[in-house]
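The lines below spell out each chain.
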Amino acid sequence: MAMLLGKKIGMTQVYDESGRMTPVTVLQAGPCTILQVKTPEADGYCALQMGFGEVKASRVKKPLAGHAQKANASVKHFVREWRLDKPAAEEYAAGSQLGVQLFADVKYVDVRGISKGKGYAGVMKRHHFGGFPGSHGTERKHRSSGSISSFGSDRGHGGNLKKGKRMAGRMGGENVTSRNHKLVMVDQENNLLVVKGAVPGPTGGYVEIRTAKTKK
(Lines give C-alpha, C1' and ligand atoms only; values in the text may rest on other atoms or scores of the structure.)
Protein backbone atom coordinates (compact mmCIF):
# COMPACT_ATOMS: atom_id res chain seq x y z
CA MET A 1 0.00 0.00 0.00
CA ALA A 2 1.39 3.40 -1.02
CA MET A 3 1.38 6.05 1.73
CA LEU A 4 2.53 9.68 1.74
CA LEU A 5 2.08 12.94 3.62
CA GLY A 6 1.35 16.15 1.79
CA LYS A 7 -0.35 19.51 1.60
CA LYS A 8 -3.49 20.69 -0.16
CA ILE A 9 -2.52 23.24 -2.82
CA GLY A 10 -6.03 24.03 -4.04
CA MET A 11 -8.72 23.11 -6.54
CA THR A 12 -8.89 23.55 -10.30
CA GLN A 13 -10.38 21.75 -13.29
CA VAL A 14 -9.12 19.58 -16.14
CA TYR A 15 -10.65 18.35 -19.38
CA ASP A 16 -10.56 14.79 -20.73
CA GLU A 17 -10.30 13.67 -24.35
CA SER A 18 -14.03 14.14 -24.93
CA GLY A 19 -13.97 17.70 -23.58
CA ARG A 20 -15.74 16.88 -20.33
CA MET A 21 -14.71 19.06 -17.39
CA THR A 22 -13.59 17.36 -14.15
CA PRO A 23 -13.11 19.23 -10.83
CA VAL A 24 -9.81 18.19 -9.23
CA THR A 25 -7.69 18.92 -6.18
CA VAL A 26 -3.93 19.42 -6.46
CA LEU A 27 -1.89 17.89 -3.62
CA GLN A 28 1.79 18.35 -2.93
CA ALA A 29 2.78 14.84 -1.86
CA GLY A 30 6.28 14.62 -0.45
CA PRO A 31 9.10 14.27 -0.58
CA CYS A 32 8.61 12.63 2.81
CA THR A 33 11.53 11.67 5.04
CA ILE A 34 11.48 8.39 6.97
CA LEU A 35 12.28 9.30 10.58
CA GLN A 36 12.04 5.83 12.13
CA VAL A 37 11.40 2.23 11.13
CA LYS A 38 9.78 0.38 14.03
CA THR A 39 10.28 -3.37 14.45
CA PRO A 40 8.72 -5.98 16.75
CA GLU A 41 12.09 -6.64 18.40
CA ALA A 42 12.74 -3.02 19.37
CA ASP A 43 9.26 -1.50 19.62
CA GLY A 44 6.82 -4.41 19.82
CA TYR A 45 5.10 -3.68 16.50
CA CYS A 46 5.81 -2.84 12.85
CA ALA A 47 5.42 0.74 11.69
CA LEU A 48 6.89 3.41 9.48
CA GLN A 49 7.25 6.95 10.83
CA MET A 50 7.61 9.69 8.24
CA GLY A 51 7.63 13.49 8.25
CA PHE A 52 6.83 16.28 5.81
CA GLY A 53 7.45 20.03 5.83
CA GLU A 54 10.31 21.94 7.40
CA VAL A 55 10.25 23.69 10.78
CA LYS A 56 11.85 27.07 11.50
CA ALA A 57 15.11 26.75 13.42
CA SER A 58 13.77 29.04 16.16
CA ARG A 59 10.86 26.66 16.78
CA VAL A 60 12.78 23.39 16.97
CA LYS A 61 12.45 21.55 20.29
CA LYS A 62 15.50 19.66 21.53
CA PRO A 63 13.73 16.26 21.95
CA LEU A 64 12.43 16.43 18.37
CA ALA A 65 15.84 17.54 17.11
CA GLY A 66 17.47 14.54 18.78
CA HIS A 67 14.89 12.17 17.32
CA ALA A 68 15.42 13.54 13.80
CA GLN A 69 19.19 13.50 14.21
CA LYS A 70 19.12 9.71 14.59
CA ALA A 71 17.86 9.55 11.01
CA ASN A 72 20.26 12.28 9.80
CA ALA A 73 17.23 14.42 8.98
CA SER A 74 15.81 17.79 9.95
CA VAL A 75 12.79 18.27 12.21
CA LYS A 76 9.53 17.95 10.29
CA HIS A 77 6.34 19.92 10.82
CA PHE A 78 3.87 17.14 9.96
CA VAL A 79 4.75 13.68 11.34
CA ARG A 80 2.61 10.55 11.12
CA GLU A 81 3.13 6.86 11.79
CA TRP A 82 1.75 4.09 9.57
CA ARG A 83 1.19 0.58 10.95
CA LEU A 84 2.50 -2.24 8.76
CA ASP A 85 1.65 -5.93 8.57
CA LYS A 86 5.28 -7.01 8.32
CA PRO A 87 8.70 -5.55 9.20
CA ALA A 88 9.89 -2.91 6.76
CA ALA A 89 13.55 -2.67 7.79
CA GLU A 90 14.63 -4.46 4.62
CA GLU A 91 12.61 -2.18 2.30
CA TYR A 92 13.02 1.19 4.04
CA ALA A 93 15.84 2.90 5.90
CA ALA A 94 15.71 5.83 8.31
CA GLY A 95 16.69 9.04 6.55
CA SER A 96 15.59 7.97 3.07
CA GLN A 97 12.94 9.88 1.15
CA LEU A 98 9.70 8.81 -0.50
CA GLY A 99 7.99 10.61 -3.37
CA VAL A 100 4.97 10.47 -5.64
CA GLN A 101 6.52 7.65 -7.68
CA LEU A 102 4.89 5.33 -5.13
CA PHE A 103 1.54 6.15 -6.76
CA ALA A 104 2.64 5.52 -10.34
CA ASP A 105 0.45 2.39 -10.64
CA VAL A 106 -2.35 3.48 -8.25
CA LYS A 107 -5.79 4.36 -9.63
CA TYR A 108 -7.72 5.40 -6.51
CA VAL A 109 -6.62 7.03 -3.23
CA ASP A 110 -8.03 7.89 0.19
CA VAL A 111 -7.24 11.35 1.59
CA ARG A 112 -7.39 12.17 5.30
CA GLY A 113 -7.31 15.72 6.63
CA ILE A 114 -8.76 18.09 9.23
CA SER A 115 -12.01 19.66 8.07
CA LYS A 116 -12.55 23.41 8.11
CA GLY A 117 -13.62 24.74 11.50
CA LYS A 118 -17.06 26.40 11.47
CA GLY A 119 -17.15 27.57 15.09
CA TYR A 120 -20.26 27.21 17.25
CA ALA A 121 -23.21 26.25 15.04
CA GLY A 122 -26.89 25.61 15.61
CA VAL A 123 -28.79 22.42 14.85
CA MET A 124 -30.01 23.55 11.42
CA LYS A 125 -26.49 24.14 10.13
CA ARG A 126 -24.78 21.35 12.09
CA HIS A 127 -27.34 18.53 11.74
CA HIS A 128 -29.64 19.81 8.95
CA PHE A 129 -32.71 20.15 11.17
CA GLY A 130 -35.77 21.56 9.45
CA GLY A 131 -36.52 24.18 12.11
CA PHE A 132 -39.95 25.39 13.25
CA PRO A 133 -42.78 26.58 10.95
CA GLY A 134 -42.56 30.11 9.63
CA SER A 135 -46.07 30.96 10.89
CA HIS A 136 -48.85 29.41 13.00
CA GLY A 137 -47.80 30.97 16.25
CA THR A 138 -44.04 30.40 16.07
CA GLU A 139 -42.40 33.41 17.71
CA ARG A 140 -38.61 33.93 17.74
CA LYS A 141 -37.92 30.16 17.75
CA HIS A 142 -37.70 29.36 14.04
CA ARG A 143 -34.21 27.81 14.26
CA SER A 144 -34.67 26.15 17.64
CA SER A 145 -33.92 22.47 18.24
CA GLY A 146 -37.18 21.86 20.09
CA SER A 147 -37.50 19.38 22.95
CA ILE A 148 -34.28 17.57 23.86
CA SER A 149 -35.57 14.74 26.07
CA SER A 150 -38.70 12.97 27.27
CA PHE A 151 -39.84 9.76 28.91
CA GLY A 152 -41.41 8.54 25.68
CA SER A 153 -38.19 8.67 23.67
CA ASP A 154 -36.50 6.02 25.84
CA ARG A 155 -39.26 4.23 27.72
CA GLY A 156 -38.15 2.54 30.93
CA HIS A 157 -34.92 4.48 31.31
CA GLY A 158 -36.20 7.83 32.58
CA GLY A 159 -36.59 11.23 30.99
CA ASN A 160 -32.93 12.24 31.08
CA LEU A 161 -30.98 13.55 28.12
CA LYS A 162 -29.80 10.60 26.01
CA LYS A 163 -26.22 10.13 24.90
CA GLY A 164 -25.58 11.16 21.32
CA LYS A 165 -28.43 13.68 21.20
CA ARG A 166 -27.90 16.01 18.25
CA MET A 167 -27.67 19.55 19.56
CA ALA A 168 -25.91 22.83 18.83
CA GLY A 169 -22.15 22.86 19.37
CA ARG A 170 -18.72 23.11 17.84
CA MET A 171 -18.73 22.21 14.15
CA GLY A 172 -15.81 21.17 11.97
CA GLY A 173 -12.15 20.87 12.88
CA GLU A 174 -12.35 17.06 12.89
CA ASN A 175 -10.32 14.31 11.23
CA VAL A 176 -12.15 13.33 8.04
CA THR A 177 -11.24 10.62 5.54
CA SER A 178 -12.50 11.13 1.99
CA ARG A 179 -12.43 7.81 0.15
CA ASN A 180 -11.99 6.54 -3.39
CA HIS A 181 -10.71 9.60 -5.22
CA LYS A 182 -9.68 8.83 -8.76
CA LEU A 183 -6.02 9.67 -9.32
CA VAL A 184 -6.07 11.85 -12.45
CA MET A 185 -2.39 12.69 -12.79
CA VAL A 186 1.01 12.10 -11.12
CA ASP A 187 3.64 14.82 -11.62
CA GLN A 188 6.92 13.31 -10.42
CA GLU A 189 8.98 16.35 -11.36
CA ASN A 190 7.05 18.70 -9.06
CA ASN A 191 5.87 16.09 -6.50
CA LEU A 192 2.20 16.70 -7.26
CA LEU A 193 -0.85 14.45 -7.23
CA VAL A 194 -4.06 15.52 -8.97
CA VAL A 195 -7.16 13.76 -7.63
CA LYS A 196 -10.78 14.01 -8.68
CA GLY A 197 -13.15 15.90 -6.39
CA ALA A 198 -12.66 17.84 -3.15
CA VAL A 199 -10.66 16.67 -0.15
CA PRO A 200 -11.03 17.69 3.53
CA GLY A 201 -9.40 20.80 4.90
CA PRO A 202 -8.49 24.32 3.78
CA THR A 203 -5.94 25.32 1.17
CA GLY A 204 -2.53 24.78 2.73
CA GLY A 205 -3.80 22.13 5.13
CA TYR A 206 -1.81 18.96 5.71
CA VAL A 207 -3.23 15.64 4.49
CA GLU A 208 -2.45 11.93 4.54
CA ILE A 209 -2.66 10.11 1.22
CA ARG A 210 -2.83 6.35 0.78
CA THR A 211 -4.03 3.73 -1.65
CA ALA A 212 -7.81 3.33 -1.47
CA LYS A 213 -8.84 0.50 0.82
CA THR A 214 -12.37 -0.20 -0.35
CA LYS A 215 -12.22 0.52 -4.10
CA LYS A 216 -11.92 -2.68 -6.14
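The model shown is predicted, which means the values in this text are computed figures rather than measured ones.

(A) Structural detail: the sheet that holds strand 12 (residues 206–211). In space, the six strands of this closed barrel follow the order 1-2-11-10-7-12, with antiparallel pairing throughout. Within the sheet, the average angular offset between the axes of one strand and its neighbour, ignoring direction, is 50 degrees. As paired strands, strand 1 (residues 3–15) and strand 2 (residues 21–29) are joined by nine bridges and run antiparallel to one another. Each residue of the ladder has a partner; that of Tyr15, found in strand 2, is Met21.

(B) Representation of the environment of Lys162 within the structure. Summarising the element assignment, Lys162 is placed in the loop between helix 3 (123–127) and strand 9 (169–171). Linking Lys162 and Gln28, residues 134 residues apart in sequence, is a C-alpha distance of 44 Å. Non-local contacts of Lys162, meaning those with residues more than four positions away in its chain, are made with Ser150, Ser153 and Asp154. Polar side-chain contacts of Lys162 include one of 2.6 Å to the backbone oxygen of Asn160.

(C) Representation of the sheet that holds strand 3 (residues 32–38). An order of 5-4-3-6 is seen for the four strands of this open sheet, with the pairing classed as antiparallel. Each of the sheet's edge strands pairs with one partner strand only, and the pair in question is strand 5 (76–83) and strand 6 (97–98). Sheet topology places strand 4 (residues 47–54) next to strand 5; seven bridges connect them, and they run antiparallel. Each residue of the ladder has a partner; that of Leu48, found in strand 5, is Trp82.

(D) Main features of unusual backbone geometry. Within the chain, His128 stands out as a residue other than glycine whose phi angle is a positive 65 degrees. Tracing the sequence through the fold places His128 in the loop between helix 3 and strand 9. At Asn180, a position not held by glycine, the phi torsion is positive, near 60 degrees. Structurally, the position occupied by Asn180 is in strand 10 (residues 175–187).

(E) Quick peek at the nonpolar core. Counting 26 residues, the largest nonpolar core has Leu27, Phe103, Leu193 and Ile209 as the members making the most contacts within it. Elements that contribute at least two residues to this core include exactly strand 1, strand 2, strand 3, strand 4, strand 5, strand 7 (108–114), strand 11 (192–196) and strand 12. Excluding its chain neighbours within four sequence positions, the residues that come into contact with Ile209 are Ala2, Met3, Leu4, Leu27, Ala29, Trp82, Phe103, Val109, Asp110 and Leu193.

(F) Structural view of the side chain of Thr33. Within the secondary structure, Thr33 sits in strand 3. Aside from chain neighbours lying at most four places away, what touches Thr33 is Gln49, Met50, Gly51, Ala73, Lys76, Gly95, Ser96 and Gln97.

(G) Fine view of the packing of aromatic side chains. Counted according to the given criterion, the structure contains two aromatic pairs. Both rings, one in Phe52 and one in Tyr206, keep their centres 6.1 Å apart while their planes meet at 75 degrees; by these two values the pair is edge-to-face. Taken as a pair, Phe52 in strand 4 and Tyr206 in strand 12 lie far apart in primary sequence, 154 residues in all. You can call Phe52 buried: its relative accessible area is 6%. Relative accessible area serves as the criterion here: at 24%, Tyr206 is assigned to the partly exposed category. Here Phe78 and Tyr206 contribute two aromatic rings whose centre-to-centre distance is 5.1 Å and whose plane-to-plane angle is 25 degrees, an arrangement assigned as stacked. Taken as a pair, Phe78 in strand 5 and Tyr206 in strand 12 lie far apart in primary sequence, 128 residues in all. By relative accessible area, which is 8% here, Phe78 ends up buried.

(H) How the structure looks around the pattern of salt bridges. Under the criterion given, the structure shown has six salt bridges. The partner of Arg80 in a salt bridge is Glu208, with the nearest N and O atoms 3.2 Å apart. Of this pair, Arg80 sits in strand 5 while Glu208 is found in strand 12, placing the two residues 128 residues apart along the sequence. A residue is classified by how much of its surface remains accessible, and Glu208, at 15% relative accessible area, is buried.

Definitions and limits used
- Residues numbered from 1 in each chain as written.
- Predicted model: local features only at pLDDT ≥ 70, side-chain atom pairs only at ≥ 80, totals over all residues.
- Heavy atoms only, no water.
- Pairing = 2+ DSSP bridges.
- Helix = DSSP H or I, 4+ residues; strand = E, 2+ residues; numbered from the N terminus.
- Axes fitted to C-alpha atoms, helices over the stretch in contact; angles between N-to-C directions.
- Contact = heavy atoms within 4.5 Å.
- Polar contact = N/O pair within 3.5 Å; in protein donor to acceptor, adjacent residues only side chain to side chain.
- Core = buried A, V, L, I, M, F, W, Y, C linked by side-chain atoms within 4.5 Å.
- Buried < 20%, exposed > 50% of the residue type's maximum accessible area, 1.4 Å probe, protein only.
- Phe/Tyr/Trp six-rings, centres within 6.5 Å; stacked < 30°, edge-to-face > 60°.
- Salt bridge = Lys/Arg side-chain N within 4 Å of Asp/Glu carboxyl O.

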